[in-house]
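# Inside the fold
Here is how the chains run, residue by residue.
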Amino acid sequence: SAVISQKPSRDICQRGTSLTIQCQVDSQVTMMFWYRQQPGQSLTLIATANQGSEATYESGFVIDKFPISRPNLTFSTLTVSNMSPEDSSIYLCSVRAARNYEQYFGPGTRLTVT
Amino acid sequence: AQSVTQPDIHITVSEGASLELRCNYSYGATPYLFWYVQSPGQGLQLLLKYFSGDTLVQGIKGFEAEFKRSQSSFNLRKPSVHWSDAAEYFCAVGSNDYKLSFGAGTTVTVRA
(Lines give C-alpha, C1' and ligand atoms only; values in the text may rest on other atoms or scores of the structure.)
Protein backbone atom coordinates (compact mmCIF):
# COMPACT_ATOMS: atom_id res chain seq x y z
CA SER A 1 0.00 0.00 0.00
CA ALA A 2 1.01 3.61 -0.45
CA VAL A 3 1.92 5.96 2.38
CA ILE A 4 0.07 9.23 2.02
CA SER A 5 0.64 12.41 3.99
CA GLN A 6 -1.39 15.60 4.03
CA LYS A 7 -0.57 19.08 5.21
CA PRO A 8 -1.91 20.75 7.21
CA SER A 9 -3.62 18.18 9.39
CA ARG A 10 -6.07 20.81 10.58
CA ASP A 11 -6.64 24.53 10.29
CA ILE A 12 -9.04 27.21 11.40
CA CYS A 13 -9.58 29.88 8.76
CA GLN A 14 -11.57 33.06 8.42
CA ARG A 15 -14.40 33.51 6.02
CA GLY A 16 -13.32 34.81 2.61
CA THR A 17 -9.78 33.46 2.76
CA SER A 18 -8.26 30.50 0.90
CA LEU A 19 -6.40 27.42 2.09
CA THR A 20 -4.16 25.11 0.08
CA ILE A 21 -3.95 21.49 1.17
CA GLN A 22 -1.01 19.34 0.11
CA CYS A 23 -1.01 15.63 -0.55
CA GLN A 24 2.25 13.71 -0.85
CA VAL A 25 2.60 10.03 -1.75
CA ASP A 26 5.68 7.91 -1.17
CA SER A 27 5.52 6.31 -4.62
CA GLN A 28 4.41 7.23 -8.10
CA VAL A 29 0.70 6.68 -8.63
CA THR A 30 -1.42 6.93 -11.72
CA MET A 31 -4.51 8.44 -10.18
CA MET A 32 -5.16 10.80 -7.29
CA PHE A 33 -8.52 11.94 -6.00
CA TRP A 34 -9.85 14.55 -3.60
CA TYR A 35 -12.84 13.87 -1.34
CA ARG A 36 -14.81 15.97 1.11
CA GLN A 37 -16.41 14.67 4.28
CA GLN A 38 -18.78 17.17 5.82
CA PRO A 39 -19.50 16.89 9.55
CA GLY A 40 -21.34 13.67 10.30
CA GLN A 41 -21.57 12.83 6.62
CA SER A 42 -20.10 10.35 4.20
CA LEU A 43 -17.41 11.05 1.64
CA THR A 44 -18.12 12.86 -1.60
CA LEU A 45 -15.72 12.91 -4.53
CA ILE A 46 -14.67 16.44 -5.47
CA ALA A 47 -12.39 15.73 -8.42
CA THR A 48 -9.81 13.54 -10.05
CA ALA A 49 -6.38 15.17 -10.10
CA ASN A 50 -4.80 14.53 -13.49
CA GLN A 51 -1.06 14.77 -13.91
CA GLY A 52 -0.16 17.38 -16.50
CA SER A 53 -3.70 18.43 -17.28
CA GLU A 54 -6.72 20.03 -15.68
CA ALA A 55 -8.56 18.18 -12.96
CA THR A 56 -11.88 16.49 -13.68
CA TYR A 57 -14.59 17.78 -11.38
CA GLU A 58 -17.73 16.03 -10.20
CA SER A 59 -21.15 17.56 -10.42
CA GLY A 60 -21.54 20.36 -7.91
CA PHE A 61 -17.83 21.20 -7.70
CA VAL A 62 -16.11 23.84 -9.84
CA ILE A 63 -12.53 24.78 -10.55
CA ASP A 64 -12.90 28.36 -9.36
CA LYS A 65 -13.87 27.16 -5.90
CA PHE A 66 -11.59 24.11 -5.68
CA PRO A 67 -8.55 24.60 -7.94
CA ILE A 68 -6.35 21.52 -8.04
CA SER A 69 -2.80 21.06 -9.17
CA ARG A 70 -0.85 17.90 -9.85
CA PRO A 71 2.65 18.73 -11.04
CA ASN A 72 3.99 15.16 -10.84
CA LEU A 73 3.04 11.58 -10.00
CA THR A 74 3.55 11.89 -6.24
CA PHE A 75 2.09 15.28 -5.31
CA SER A 76 -1.16 17.22 -5.55
CA THR A 77 -2.74 20.27 -3.98
CA LEU A 78 -6.34 21.26 -3.39
CA THR A 79 -7.21 24.89 -2.70
CA VAL A 80 -10.45 25.82 -1.01
CA SER A 81 -11.12 29.37 -2.20
CA ASN A 82 -13.17 32.20 -0.75
CA MET A 83 -14.17 30.03 2.17
CA SER A 84 -17.48 30.11 4.00
CA PRO A 85 -18.56 28.17 7.11
CA GLU A 86 -20.22 25.63 4.79
CA ASP A 87 -16.73 24.60 3.65
CA SER A 88 -15.94 23.29 7.12
CA SER A 89 -15.16 19.64 6.41
CA ILE A 90 -12.48 17.03 6.35
CA TYR A 91 -10.69 16.97 3.01
CA LEU A 92 -9.02 13.72 2.04
CA CYS A 93 -6.82 12.76 -0.84
CA SER A 94 -6.66 9.22 -2.09
CA VAL A 95 -4.56 7.31 -4.57
CA ARG A 96 -5.27 4.34 -6.72
CA ALA A 97 -2.92 1.40 -6.35
CA ALA A 98 -1.01 0.59 -9.52
CA ARG A 99 -2.04 -3.02 -9.91
CA ASN A 100 -5.68 -3.03 -8.94
CA TYR A 101 -8.68 -0.95 -8.00
CA GLU A 102 -7.68 -0.43 -4.39
CA GLN A 103 -7.68 3.13 -3.14
CA TYR A 104 -5.76 4.34 -0.15
CA PHE A 105 -6.57 7.47 1.77
CA GLY A 106 -4.51 10.12 3.43
CA PRO A 107 -5.18 11.08 7.06
CA GLY A 108 -7.29 14.05 6.04
CA THR A 109 -7.22 17.79 6.68
CA ARG A 110 -9.81 19.04 9.14
CA LEU A 111 -10.87 22.54 8.09
CA THR A 112 -12.96 24.85 10.23
CA VAL A 113 -14.14 28.15 8.75
CA THR A 114 -15.26 30.86 11.14
CA ALA B 1 -24.25 6.02 -11.97
CA GLN B 2 -23.43 3.84 -9.03
CA SER B 3 -24.84 4.21 -5.52
CA VAL B 4 -24.54 2.53 -2.15
CA THR B 5 -27.08 2.12 0.65
CA GLN B 6 -26.18 1.29 4.21
CA PRO B 7 -29.55 0.80 5.90
CA ASP B 8 -28.27 0.90 9.47
CA ILE B 9 -27.13 4.28 10.73
CA HIS B 10 -26.09 3.02 14.14
CA ILE B 11 -25.54 -0.44 15.59
CA THR B 12 -24.75 -1.28 19.21
CA VAL B 13 -23.21 -4.65 19.95
CA SER B 14 -21.80 -6.28 23.07
CA GLU B 15 -18.14 -7.13 23.19
CA GLY B 16 -17.67 -10.71 22.07
CA ALA B 17 -20.91 -10.80 20.11
CA SER B 18 -21.12 -11.12 16.35
CA LEU B 19 -21.53 -8.14 14.05
CA GLU B 20 -23.09 -7.79 10.62
CA LEU B 21 -23.24 -4.55 8.67
CA ARG B 22 -25.44 -4.35 5.63
CA CYS B 23 -24.55 -2.83 2.29
CA ASN B 24 -26.58 -2.73 -0.92
CA TYR B 25 -25.24 -1.30 -4.14
CA SER B 26 -26.53 -0.21 -7.49
CA TYR B 27 -24.23 -0.47 -10.49
CA GLY B 28 -24.82 -1.53 -14.06
CA ALA B 29 -21.65 -3.54 -14.56
CA THR B 30 -19.49 -5.82 -12.45
CA PRO B 31 -18.95 -3.89 -9.22
CA TYR B 32 -15.74 -3.35 -7.35
CA LEU B 33 -16.74 -3.31 -3.69
CA PHE B 34 -14.93 -2.11 -0.62
CA TRP B 35 -15.35 -1.74 3.11
CA TYR B 36 -13.46 0.98 4.94
CA VAL B 37 -13.26 1.76 8.64
CA GLN B 38 -12.77 5.20 10.14
CA SER B 39 -11.89 5.41 13.80
CA PRO B 40 -12.50 8.69 15.64
CA GLY B 41 -10.10 11.33 14.38
CA GLN B 42 -8.47 8.90 11.97
CA GLY B 43 -8.36 8.50 8.21
CA LEU B 44 -9.96 5.68 6.27
CA GLN B 45 -8.47 2.21 6.43
CA LEU B 46 -9.28 -0.43 3.83
CA LEU B 47 -10.74 -3.51 5.52
CA LEU B 48 -11.35 -5.66 2.48
CA LYS B 49 -12.29 -5.61 -1.19
CA TYR B 50 -14.08 -7.65 -3.82
CA PHE B 51 -13.10 -7.55 -7.45
CA SER B 52 -13.94 -11.03 -8.75
CA GLY B 53 -13.68 -14.71 -7.88
CA ASP B 54 -14.57 -16.15 -4.52
CA THR B 55 -17.60 -14.29 -3.21
CA LEU B 56 -16.51 -14.64 0.41
CA VAL B 57 -13.57 -12.35 1.03
CA GLN B 58 -11.39 -12.13 4.08
CA GLY B 59 -10.02 -8.86 5.36
CA ILE B 60 -7.94 -7.44 8.12
CA LYS B 61 -8.87 -7.42 11.81
CA GLY B 62 -10.92 -10.61 11.49
CA PHE B 63 -13.55 -9.15 9.15
CA GLU B 64 -15.09 -10.90 6.19
CA ALA B 65 -17.69 -9.94 3.61
CA GLU B 66 -19.86 -11.85 1.20
CA PHE B 67 -20.79 -10.64 -2.27
CA LYS B 68 -24.27 -11.70 -3.39
CA ARG B 69 -24.99 -10.57 -6.92
CA SER B 70 -28.62 -11.70 -6.82
CA GLN B 71 -29.26 -9.44 -3.82
CA SER B 72 -26.85 -6.64 -4.85
CA SER B 73 -25.36 -6.90 -1.40
CA PHE B 74 -21.93 -6.92 0.17
CA ASN B 75 -22.45 -7.40 3.90
CA LEU B 76 -19.61 -7.19 6.38
CA ARG B 77 -19.32 -9.61 9.28
CA LYS B 78 -17.16 -10.31 12.29
CA PRO B 79 -17.75 -13.31 14.54
CA SER B 80 -16.63 -11.68 17.79
CA VAL B 81 -16.20 -7.93 18.19
CA HIS B 82 -13.62 -6.22 20.33
CA TRP B 83 -13.96 -2.83 22.00
CA SER B 84 -11.46 -1.48 19.46
CA ASP B 85 -13.93 -2.21 16.65
CA ALA B 86 -16.01 0.78 17.69
CA ALA B 87 -15.80 3.05 14.66
CA GLU B 88 -17.58 4.28 11.53
CA TYR B 89 -17.81 1.76 8.71
CA PHE B 90 -18.25 2.75 5.08
CA CYS B 91 -19.18 0.57 2.15
CA ALA B 92 -18.10 1.82 -1.27
CA VAL B 93 -18.53 0.81 -4.88
CA GLY B 94 -15.95 1.59 -7.52
CA SER B 95 -16.61 2.19 -11.19
CA ASN B 96 -14.45 1.42 -14.21
CA ASP B 97 -12.97 4.91 -13.99
CA TYR B 98 -11.83 4.14 -10.43
CA LYS B 99 -14.13 6.65 -8.74
CA LEU B 100 -15.63 5.54 -5.44
CA SER B 101 -19.16 6.16 -4.28
CA PHE B 102 -19.65 5.77 -0.56
CA GLY B 103 -22.61 4.80 1.55
CA ALA B 104 -23.73 7.01 4.40
CA GLY B 105 -21.83 4.91 6.91
CA THR B 106 -22.75 2.83 9.94
CA THR B 107 -21.58 3.80 13.40
CA VAL B 108 -20.72 0.81 15.57
CA THR B 109 -20.77 1.13 19.34
CA VAL B 110 -19.36 -1.69 21.44
CA ARG B 111 -20.63 -2.06 24.98
CA ALA B 112 -18.72 -3.92 27.65
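Check the entry above for the structure.
For the structure given in this document, a descriptive report is provided here. Please read these numbers as outputs of a predicted model, since none were measured by experiment. (Residues numbered from 1 in each chain as written. Chains lettered and ligands numbered in written order. Predicted model: local features only at pLDDT ≥ 70, side-chain atom pairs only at ≥ 80, totals over all residues. Heavy atoms only, no water.)

## Points about the pairing of strand E9 (residues 73-78) of chain B
Residue and element names in this part refer to chain B. Extensive coverage of E9 is indicated by the burial of five of its six residues. Here strand E3 (residues 19-21) runs beside E9; their pairing, made up of three bridges, is antiparallel. Bridge assignment links Glu20 to a residue of E9, and that residue is Arg77. Here strand E8 (residues 64-68) pairs with E9 via five bridges, running antiparallel. Counted as the bridge partner of Phe67 is Phe74 from E9. The antiparallel pairing of E8 with E9 creates a hairpin that spans four residues between the two strands, and Ser72 there sits at a positive phi of about 50°. (Buried < 20%, exposed > 50% of the residue type's maximum accessible area, 1.4 Å probe, protein only. Helix = DSSP H or I, 4+ residues; strand = E, 2+ residues; numbered from the N terminus. Pairing = 2+ DSSP bridges.)

## Remarks on the pairing of strand E3 (residues 19-25) of chain A
Residue and element names in this part refer to chain A. Side-chain alternation along E3 places Leu19, Ile21, Cys23 and Val25 on a buried face and Thr20, Gln22 and Gln24 on a face that remains uncovered. In this sheet, strand E8 (residues 75-80) lies alongside E3 in antiparallel orientation, the contact comprising six bridges. In the sheet register, Leu19 faces E8, and the bridge partner there is Val80.

## Focus on the side chain of B:Gln38
Inspection of the secondary structure assignment puts B:Gln38 in strand E5 (residues 32-38). Side-chain polar atoms of B:Gln38 contact the side chain of A:Gln37, separated by 3.0 Å. Discounting chain neighbours no more than four positions away, the residues touching B:Gln38 are A:Gln37, B:Gly43, B:Leu44, B:Ala87, B:Glu88 and B:Phe90. (Polar contact = N/O pair within 3.5 Å; in protein donor to acceptor, adjacent residues only side chain to side chain. Contact = heavy atoms within 4.5 Å.)

## Some words on the interface of chain A and chain B
Put simply, an interface is often sized by how much accessible area is lost when its parts join up. The partner chain B presents 20 residues to the 21 residues of chain A that form the contact. Interface area for chain A against chain B, summed over the two sides, is near 1600 Å², with a carbon-plus-sulfur share of 62%. It is A:Tyr101, A:Glu102 and A:Phe105 in chain A that bury the most area against chain B; as a group they hold 35% of the surface buried on that side. Our count for the chain A to chain B interface comes out at two salt bridges. As a salt-bridge pair, B:Lys99 and A:Glu58 come within 2.8 Å of each other at their nearest N and O atoms. Viewed at the interface, chain B and chain A are joined by seven residue pairs in polar contact (both at pLDDT 80 or more). (Buried area = accessible area lost by both parts, 1.4 Å probe. Salt bridge = Lys/Arg side-chain N within 4 Å of Asp/Glu carboxyl O.)

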